Amino acid sequence: AQTVTQSQPEMSVQEAETVTLSCTYDTSESNYYLFWYKQPPSRQMILVIRQEAYKQQNATENRFSVNFQKAAKSFSLKISDSQLGDTAMYFCAFMKRGGSEKLVFGKGTKLTVNP
Amino acid sequence: GAVVSQHPSRVICKSGTSVKIECRSLDFQATTMFWYRQFPKQSLMLMATSNEGSKATYEQGVEKDKFLINHASLTLSTLTVTSAHPEDSSFYICSATVPDTQYFGPGTRLTVL
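Below you will find a few notes about this structure. Fair warning: this is a prediction, and the values are worked out from it, not measured in the lab.

**Remarks on the overall build of chain A**
Tallying secondary structure elements over chain A gives 0 helices and 12 strands in all. The linear arrangement of helices and strands in chain A, starting from the amino end, is β-β-β-β-β-β-β-β-β-β-β-β. By the compact-globule yardstick of 13 Å for 115 residues, chain A fits well, its C-alpha radius of gyration being 14 Å. Its C-alpha atoms put chain A at 40 × 25 × 20 Å along the principal axes. Looking at chain A as a whole, 45% of its 115 residues are labelled buried. When contacts within chain A are restricted to residue pairs at least 6 apart in sequence, those whose partners lie at least 24 apart make up 55%. Element-wise, carbon and sulfur atoms account for 45% of the exposed surface of chain A, whose accessible area totals about 5,700 Å². Counting 13 positive and 10 negative side-chain charges, chain A places the centres of these two groups 7 Å from one another.

**Comments concerning the overall build of chain B**
Helix and strand counts for chain B come out as 0 helices and 11 strands. Shown N-terminal to C-terminal, the secondary structure of chain B runs as helices and strands in the order β-β-β-β-β-β-β-β-β-β-β. Relative to the compact-globule value of 13 Å for 113 residues, chain B shows a C-alpha radius of gyration of 13 Å, a close match. Structurally, chain B occupies a C-alpha span of about 40 × 25 × 20 Å along its principal axes. Put simply, of all contacts in chain B between residues at least 6 apart along the chain, 53% involve residues at least 24 apart. Side chains of chain B give 10 positive and 9 negative charges; the mean places of these two sets differ by 9 Å.

**Concerning the environment of Gly107 of chain B**
Residue and element names in this part refer to chain B. Locating Gly107 in the fold gives a position in the loop between strand S10 (101-104) and strand S11 (108-112). Here the alpha-carbon distance between Gly107 and Pro86, two residues 21 residues apart in the chain, equals 18 Å. Leaving out residues up to four positions away in the same chain, Gly107 has contacts with Gln6, Pro8, Ser9, Phe91, Tyr92 and Ile93.

**So, unusual backbone geometry**
That bond from His7 of chain B to Pro8 of chain B is cis: its omega, 0°, falls within 30 degrees of zero. Turning to its location among the elements, Pro8 of chain B is positioned in the loop between strand S1 (4-7) and strand S2 (10-13).

**A word on the environment of Asp86 of chain A**
Residues and elements named next belong to chain A. Of note, Asp86 is situated in the loop between strand S9 (74-79) and strand S10 (88-96). Overall, Asp86 belongs to the buried group, its relative accessible area being 2%. Spatially, the C-alpha atoms of Asp86 and Thr112 are 7.6 Å apart, while their sequence positions differ by 26 residues. Here the side chain of Asp86 touches Arg63 through a polar contact of 2.8 Å, side chain to side chain.

**Examining the interface of chain B and chain A**
Taken together, the contact pairs 24 residues of chain B with 19 residues of chain A. Buried area between chain B and chain A, both sides added, is near 1,700 Å², and the carbon and sulfur share of it is 50%. Where chain B packs against chain A, one counts 1 salt bridge. A salt bridge links Glu59 of chain B to Lys102 of chain A; its shortest N-O distance comes to 2.7 Å. Classifying every residue of the side of chain B that touches chain A by side-chain character gives 12 nonpolar, 9 polar and 3 charged.

Conventions used here
Residues numbered from 1 in each chain as written. Chains lettered and ligands numbered in written order. Predicted model: local features only at pLDDT ≥ 70, side-chain atom pairs only at ≥ 80, totals over all residues. Heavy atoms only, no water. Helix = DSSP H or I, 4+ residues; strand = E, 2+ residues; numbered from the N terminus. Rg over C-alpha atoms; globule rule 2.2 N^0.38 Å. Buried < 20%, exposed > 50% of the residue type's maximum accessible area, 1.4 Å probe, protein only. Contact = heavy atoms within 4.5 Å. Areas by Shrake-Rupley, 256 points an atom, 1.4 Å probe, with all protein chains shown as cover. Lys, Arg positive; Asp, Glu negative; His and termini not counted. Charge placed at Lys NZ, Arg CZ, Asp CG, Glu CD. Polar contact = N/O pair within 3.5 Å; in protein donor to acceptor, adjacent residues only side chain to side chain. Buried area = accessible area lost by both parts, 1.4 Å probe. Salt bridge = Lys/Arg side-chain N within 4 Å of Asp/Glu carboxyl O. Nonpolar A, V, L, I, M, F, W, Y, C, P; charged D, E, K, R; others polar.

Given below as structure tokens:
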């Protein structure tokens, strides 16, 4: 079974600064996807970024980028130029490729961006 | 694209009644949808996998007779909480898949009095 670990329950950052959220996972699968989802106070889950494990290039989406280290089973999220609207819970998630499309979630990191 | 809606967003009901929550994929067809429950300050807990035209697959510990799931079309799945009790009060979230990615609805807050 796969597990996803987010070791930082809470983090804070000043507006306009950069912050990195950590995520590690455990799996015996070789083909899979990794995701970061954001859940702001509205509680709507929003897809932030998606990484295909068979691609070596790190995914980026505007101010959001990941550092994917497959051998180390690490998948961190970097948020550049933090904005107040980035305040949210961030969940790291794993999906096996070619399976049931179920997601395995970490427990989340609560990020607060301070003005 | 990949917008998922949920209705209602909030519902309050009396103990013993049944409540139906709808999940719709608005701009795509989804053969698979998922239903989650989320307790305050916790991660999402998968309840069941809903497949169009077939019976739902429930996670261990989830009562299938209490949480009835129907996936009648490629754009609609429903979750019915039967004979609701106060302990069923929670935040329920659905998701729909395009290949290999889940997109989530905005959630439904259920309060059972």
